[in-house]
Amino acid sequence: MHIHYISEKNSILNHFLTQLRDVTIQKDSMRFRKNIERIGEIMAYELSKTLEYKDISVQTPLGIKHTTTIADNVVLCSILRAGLALHQGFMNFFDDAENGFVSAYRHHYDNDDKFEILVEYQAAPSFQDKNLILIDPMLATGQSLVAVLHKLHLEQKPKEIHIAVVIAAPEGIAFLEQNLPENCHLWVAALDEKLNEKNYIVPGLGDAGDLAYGSKL
């Protein structure tokens, strides 16, 4: 798996990441969503450098300009609900992309720390021979992403698979490397220290879905 860490050099991305983690700023859910969206735009720009382009000519008011445009077909697919704000950032740049949505969540037995990943709702276009960009802000154990890809990838073969996450734990990255094809690309805005005993990212930022859209039952 090819891993791209995009916050290694200081940029405005690190500023947005800092605001996401700040418990005081987190109280403003609209600002939290906007910062996630901005990070999605930055990641989309960086990812776009790896796509294929083709030569075209366009008519301007004063003549002909020989230039390039994206040749690849792109499908954006986010994991509900936490992925929606990040998805919007990618969609702001890949405005011609098709879009898909999948639900995945941790189902705990008897309210203990053990869980399985349940993948239920799915609405996605064909991604045969297209670039599939799977979007989820938090890469903790990696089980959700693997479960979703296995469900989506039963019959259709994408040209390339890109996974975009805001914050990742080393354990989740290791799990993806063990369970996904070598030609996958993982895009990480920030790499954190570890998972705690409940499999939450430390220092992380908390529950991205709750911070963006409110607490759930």
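All figures in this text were calculated on a predicted structure; none of them were measured in a lab. (Residues numbered from 1 in each chain as written. Predicted model: local features only at pLDDT ≥ 70, side-chain atom pairs only at ≥ 80, totals over all residues. Heavy atoms only, no water.)

K.L.:
Is there a simple way to explain the overall build of the chain in this structure?
P.N.:
Counting secondary structure elements, the chain contains 6 helices and 12 strands. Computed over the C-alpha atoms, the radius of gyration of the chain is 18 Å, within 12% of the 17 Å expected from 2.2 N^0.38 for a compact globule of 217 residues. For the chain, the C-alpha atoms occupy an extent of roughly 65 × 40 × 30 Å along the three principal directions. Every one of the 217 residues in the chain was classed for burial, and the buried ones make up 42%. When contacts within the chain are restricted to residue pairs at least 6 apart in sequence, those whose partners lie at least 24 apart make up 64%. For the chain, the computed accessible surface area is about 11600 Å², with 50% contributed by carbon and sulfur atoms. Measuring between centres, the 20 positive side-chain charges of the chain sit 5 Å from its 29 negative side-chain charges. (Helix = DSSP H or I, 4+ residues; strand = E, 2+ residues; numbered from the N terminus. Rg over C-alpha atoms; globule rule 2.2 N^0.38 Å. Buried < 20%, exposed > 50% of the residue type's maximum accessible area, 1.4 Å probe, protein only. Contact = heavy atoms within 4.5 Å. Areas by Shrake-Rupley, 256 points an atom, 1.4 Å probe, with all protein chains shown as cover. Lys, Arg positive; Asp, Glu negative; His and termini not counted. Charge placed at Lys NZ, Arg CZ, Asp CG, Glu CD.)

K.L.:
Looking at this structure, how should I read the packing of helix 1 (residues 12-21) against helix 2 (residues 29-48)?
P.N.:
A pair of packed helices is characterised by two quantities: the angle between their axes and the separation of those axes. Interhelical geometry of helix 1 versus helix 2 gives an angle of 150° and a closest axis separation of 9 Å. In this view, helix 1 runs roughly antiparallel relative to helix 2, as classed from their interaxial angle. Of the two elements, helix 1 crosses helix 2, and the hand of that crossing is left-handed. In this structure, helix 1 contributes I12, L13, F16, L17, Q19 and L20 to the contact, and helix 2 contributes R31, F32, N35, I36, R38, I39 and I42. Tallied by class, residues from the contact of helix 1 with helix 2 come to 9 nonpolar, 2 polar and 2 charged. (Axes fitted to C-alpha atoms, helices over the stretch in contact; angles between N-to-C directions. Parallel < 35°, antiparallel > 145°, perpendicular 65-115°, else oblique. Left-handed = near helix turned anticlockwise from the far one by under 90°. Nonpolar A, V, L, I, M, F, W, Y, C, P; charged D, E, K, R; others polar.)

K.L.:
Where do I start with the nonpolar core in this structure?
P.N.:
Considering soluble globular proteins, one finds that nonpolar side chains tend to be buried as a cluster. Grouped together as the largest cluster of nonpolar side chains are 36 residues, with contacts concentrated most on I39, F90, F94 and V166. Of all the secondary structure elements, the ones that give two or more residues to this core are helix 1, helix 2, strand 4 (74-80), helix 3 (84-93), strand 7 (131-135), strand 9 (160-168), strand 10 (185-191) and helix 6 (208-213). Excluding residues within four positions of it along the chain, I39 makes contact with L13, F16, L17, L20, L86, V166 and A189. (Core = buried A, V, L, I, M, F, W, Y, C linked by side-chain atoms within 4.5 Å.)

K.L.:
What is the right way to look at the packing of helix 2 against helix 3 in this model?
P.N.:
Where helix 2 contacts helix 3, the two axes come as close as 7 Å, and the packing angle between them is 45°. Here helix 2 is positioned oblique relative to helix 3, judged by the angle of their axes. Once helix 2 is placed against helix 3, the crossing between them reads as right-handed. Along the contact surface, helix 2 presents R33, I36, E37, I39, G40, E41, M43, A44, Y45 and L47, while helix 3 presents A85, L86, Q88, G89, F90, N92 and F93. For the contact of helix 2 with helix 3, a count of residues per class yields 10 nonpolar, 4 polar and 3 charged.

K.L.:
Can you help me understand the pairing of strand 4 in this one?
P.N.:
A regular strand carries its side chains on alternate faces of the sheet. A large share of strand 4 lies buried, amounting to 6 of its 7 residues. Sheet analysis places strand 4 next to strand 7, joined by 5 bridges and oriented parallel. Across the sheet, residue S78 finds its bridge partner in strand 7, namely I135. (Pairing = 2+ DSSP bridges.)

K.L.:
In this structure, what is going on with helix 5 (residues 170-179)? I would like to understand it.
P.N.:
Given 3.6 residues per turn, any residue in an α-helix points the same way as the ones three and four places further on. Where helix 5 is concerned, the buried positions are G172, I173 and L176. Along the axis of helix 5, the buried positions cluster into a sector of 100°, meaning they face one direction only. On its buried side, helix 5 packs onto strand 1 (2-5), strand 8 (138-139), helix 4 (143-152), strand 9 and strand 10. (Arc of directions from axis to C-beta.)

K.L.:
Help me understand the pattern of salt bridges in this model?
P.N.:
Oppositely charged side chains can form a pair if their charged atoms are brought close together. Counted according to the given criterion, the structure contains 7 salt bridges. With a shortest N-O distance of 3.6 Å, E37 and K34 are connected by a salt bridge. Of this pair, E37 and K34 are both found in helix 2, 3 residues apart, which corresponds to roughly one turn of the helix. Ionic contacts of the salt-bridge type, sharing partners, join the residues E52, D72 and K159 into one network. (Salt bridge = Lys/Arg side-chain N within 4 Å of Asp/Glu carboxyl O.)

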